[in-house]
Each structure stands twice: as structure tokens, then as C-alpha cells.
Amino acid sequence: PMEAEAEARLLLQEAQESIEAARSYRRELEQRLRGLQQAREQIRESATLTRDVLEQHFNDLKGTLKKLLDERLMSLLQEVDAIEQQSIKPLDECQKLIEHGVSTADDLLRDGESAVHGDVGQRNEKLCSFTKKALHIQLDSLPEVPSLVDVPCLSAQLDDCLLTILKNQIFSHGTVASRPPVQLEEFIEKPGGILVRWCKVDDDFIPQDYRLQYRKSTASHFEDVYVGSETEFIVLHIDPNVDYQFRVCARGDGRQEWSPWSVPQFGHTTLVPHEWTTGLEGYSLSSRRNIALRNDSQSCGVLYSKAPTYFCGQTLTFRQVLSGQLIETVGQPDRRDSLGVCVEQQNDYDSLQRDKAVCISTNGAVFVNGKEMTNQLPPVTSGSTVTFDMEVVQLGSSSNEGGNFKLRVTISSNNREVVFDWVLDQCCGSLYFGCSFSYPGWKVLVF
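Residues numbered from 1 in each chain as written. Predicted model: local features only at pLDDT ≥ 70, side-chain atom pairs only at ≥ 80, totals over all residues. Heavy atoms only, no water.

## A closer look at the environment of histidine 237
Piece 1. Mapped onto the elements, histidine 237 comes out in the loop between β7 (232-236) and β8 (244-252).
Piece 2. A C-alpha to C-alpha distance of 8.0 Å links histidine 237 and proline 273, two positions 36 residues apart in sequence.
Piece 3. Setting aside chain neighbours within four positions, we find histidine 237 in contact with Gly192, Tyr244, Arg288 and Asn290. (Helix = DSSP H or I, 4+ residues; strand = E, 2+ residues; numbered from the N terminus. Contact = heavy atoms within 4.5 Å.)

## Details of the state of the cysteines
Piece 1. Inspection of every chain in the model, using the stated rule, returns 0 disulfides.
Piece 2. Free of any disulfide, cysteine 249 has its nearest cysteine sulfur in cysteine 153, 13 Å distant.
Piece 3. On the accessibility criterion, cysteine 249 (0% relative accessible area) is buried.
Piece 4. The closest cysteine sulfur to the non-disulfide-bonded cysteine 342 is located on cysteine 359, 9.6 Å from its own sulfur.
Piece 5. We classify cysteine 342 as buried; its relative accessible area is 0%. (Disulfide = S-S within 2.5 Å. Buried < 20%, exposed > 50% of the residue type's maximum accessible area, 1.4 Å probe, protein only.)

## Brief notes about the confidence of the model for the protein chain
Piece 1. Of all residues in the protein chain, 91% have pLDDT values of 70 or greater, and the mean over the chain is 84.
Piece 2. Here residues 398-402 is modelled with pLDDT under 50, and outside its nearest four sequence neighbours on either side it reaches 2 contacts, counting other chains as well. (pLDDT = per-residue confidence, 0-100.)

## Brief notes about the pattern of salt bridges
Piece 1. In this structure the tally under the stated criterion is 22 salt bridges.
Piece 2. Two residues, arginine 9 and glutamate 5, come together in a salt bridge whose shortest N-O distance is 3.2 Å. Separated by 4 residues within a single helix, arginine 9 and glutamate 5 lie in helix α1 (residues 2-117), roughly one turn from each other.
Piece 3. Across the pair aspartate 209 and arginine 251 runs a salt bridge, and its minimum N-O distance is 3.3 Å. Linking aspartate 209 in strand β5 (residues 207-216) with arginine 251 in strand β8, this pair joins segments that are 42 residues apart in sequence.
Piece 4. The exposure class of aspartate 209 is buried, given its relative accessible area of 16%.
Piece 5. Overall, arginine 251 belongs to the buried group, its relative accessible area being 17%.
Piece 6. One continuous salt-bridge network, built from bridges that share partners, spans Glu20, Arg23, Arg27 and Glu113. (Salt bridge = Lys/Arg side-chain N within 4 Å of Asp/Glu carboxyl O.)

Written out as C-alpha cells, the structure reads:
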């Protein structure tokens, strides 16, 4: 009797484990079903949108070329239908496989529940039979469901100059693409901004320009934020902890029309934006307090950040946004001018060329703790940009024992840089940034 009881407990435990595995298996299948549904919706919605674009475009031209355009439209619609059917067919087959798995899991669950809660006299036999059945079903075998980026996203490429094209060119007008030639690749958080990167995914496509758009999650329309040849861009004026949706397209070499949009993706930043402190008489600030203008006031001093928001590992950039320039001056530079970072605010100084600060002067001189380095950068003039990068290279012993805190600093300006170690007598988790200009006209954006 004791052996029989032990065997019954073992069978019951195995049955319960199989039931839990079946439940988990069913949850995974349901999740893949949802992924399939999203993929199917993307194909159908993009196919519907493509049909709408094609029909609208061709209807606009039907006034003079109705017969020829109708023939081409039918050809393109058939191509859309063929791509849609060909793309959805493997999804339908995968769905049937998953639904069969769901049915199998349901049958197994019912058998397990019956075996566990059945007649005591027949329990062992039923549990043994159920356990053998569960072992023959591969509960850890799950079908692969493609991601939305990997499934076709139909679209049409069209232009508006067809009326001037000869008859034999009409039949080659317009194409249907199953995937956009560029896709968003990476989002990197910046203080009050997001660095967006994208890449070309069509080897045969030769891009000339890219076009990046974004919108707040609550907005209904996208807006252009960048057009150019680069494959990354820092989008500024981003509210922290708010989702933004991005998409990118490209224009082929020598072409006027833009490619289809990439699959939209969401990005956000958790880093609060850098801000200049308010109230210093010699400087006027923008509404977001990230742009500082040295005004005509005779008052001088260092304009500091509102808080110590610069952390090691980040890149701190000073630049000007007007007219595409980075740092613009209408006055003259002064050797006491400074752009840099510091451990703490000290309002009794008129420059960052002091202890516990590193900075660059507008003449290109670099100062560390108030001492000028022998290495020098190019002068900061109209069109310049200055960046600061820091990383911790040594955490010394506690300050009570006189330990040192060492940061490796890289200052870049006009495609040149200096690298040095900045030794401090205290550990600094965050730093202030600041600037000082003797003459009016300097206008600096910080991010």
C-alpha cells in the first residue's frame, strides 16, 4: 500500500507538471497568434493603402489617358493581389499549425483534469495513460512567427509627371514594393532628445537623400525633422517619458520621388533636457532655456546650468541652430571667454578658468583647474561646434584619506580634439556646465 501511494503521488505530480506545461504552451501559442494577426493586419492595411494610392494617382490622370491608365492600373492591382496572397499564405499555414496545437493542448488539458479529479479506483491507470500521452506531445515545440519588419509592407512608388511621358513609357510607370528600402535601426536617449539611426536594407537601392519624420504619440500628423544624406540625426525638444513615433524614407539617386516609408517605430527619452539657469543679467534665454544669448548688458559672470545634469558617459554639445550655424558671434572673442563643465557653481568668478573646472576659451586654449594646457584647439568662431566627453578612469579612496577621483576628458572642436585626465579631490556623480563671454552676440544651444 505504501508503494502504491508513493506511485500515485508521483503520477499526480507528473500530471500536474504536464498540465502546467500545457498551459504555458497554450499561452505561447496565443502570443504567436497575436503576432500573426499583427503581421496579417500590416500586410492588408499596407495593401489597402497601396491600392488607395494607386487608384487616386491613376484617377487623376484618366482625363487624357483613361484607356492606357486603366490597363496599367489593373496590372499593378493584380501584382498587389499576388504579393498579398503569396505573403499571407505561409501565415495561414502557420495559423492552422498553431490552432491545431491549441486544440491538442485543450484535449491534453481535459485529459489531465479528468485524470486528476477522476474516480480513485481508476486514477492511477488514467494518470499513467495521461502522462504517456503528454510525453508524446512536444510541448516545447513552438512555430516561428515572423516579426512585422520581416513581413511584406506593400506600397506604391509614383510620380506626378506622367502626362509628359510618351505612350511606350506609360506601361513602365509605377511599381509595387513589398518592403521599404530603408528601416529605422536604433534609438539612443539624449538629454531632452533622441539620437535616431537608420539603415538601407535594399542592396539594389542607391540613396541620395533621407527624410526623417516624427510625431508625438497623441498627434495625428507626422512632421519633417531632417532631410539630408546622413544616416543619423539628433531630434531635440523631446519631452521626457513621452512616446514619439518615427519613420524614414529615402530618395534614389537621380530621382525626385521619395521611397515608401519605413515601418513606424516608437522612441522616447528618460533624460531631462539641459537648461541654463535663469536670472543672470548678462544673458537672455530661449523659452526652453536651452539657448543662451550674451546680450548688451555690461554685467559679466558665468552662466551655469540650472542643475548638475551632465553625467559621465554622455556627450555634452554646445551649438547654434540659427541659419545652420553652430556657434555664432557678432562681437569679438576675449581670452577670458569659456565653455566647459565644473564641479560646483562659484558666482564670484567671471570665467570657468578656475579650480574644479575644465573649459575651452574662444581662442582655442584649454584650461584644467585654472591652468592652461600646452595643447590648443582651433579658435571657436562662427560655424564651430564644441563637445565634451568624460569617463571615469579611477575611483580613489575616500576623501577623508585624501583619495583622488580621475576623469578622462575629451574636448573636440573643428575636427580636432584634446584628451587629458582631470584629477579631482572628490567623487562627482554629476557636473554643472557653463559659459562666459565678455562681448555680446554669442548664442549657444546646449544638449
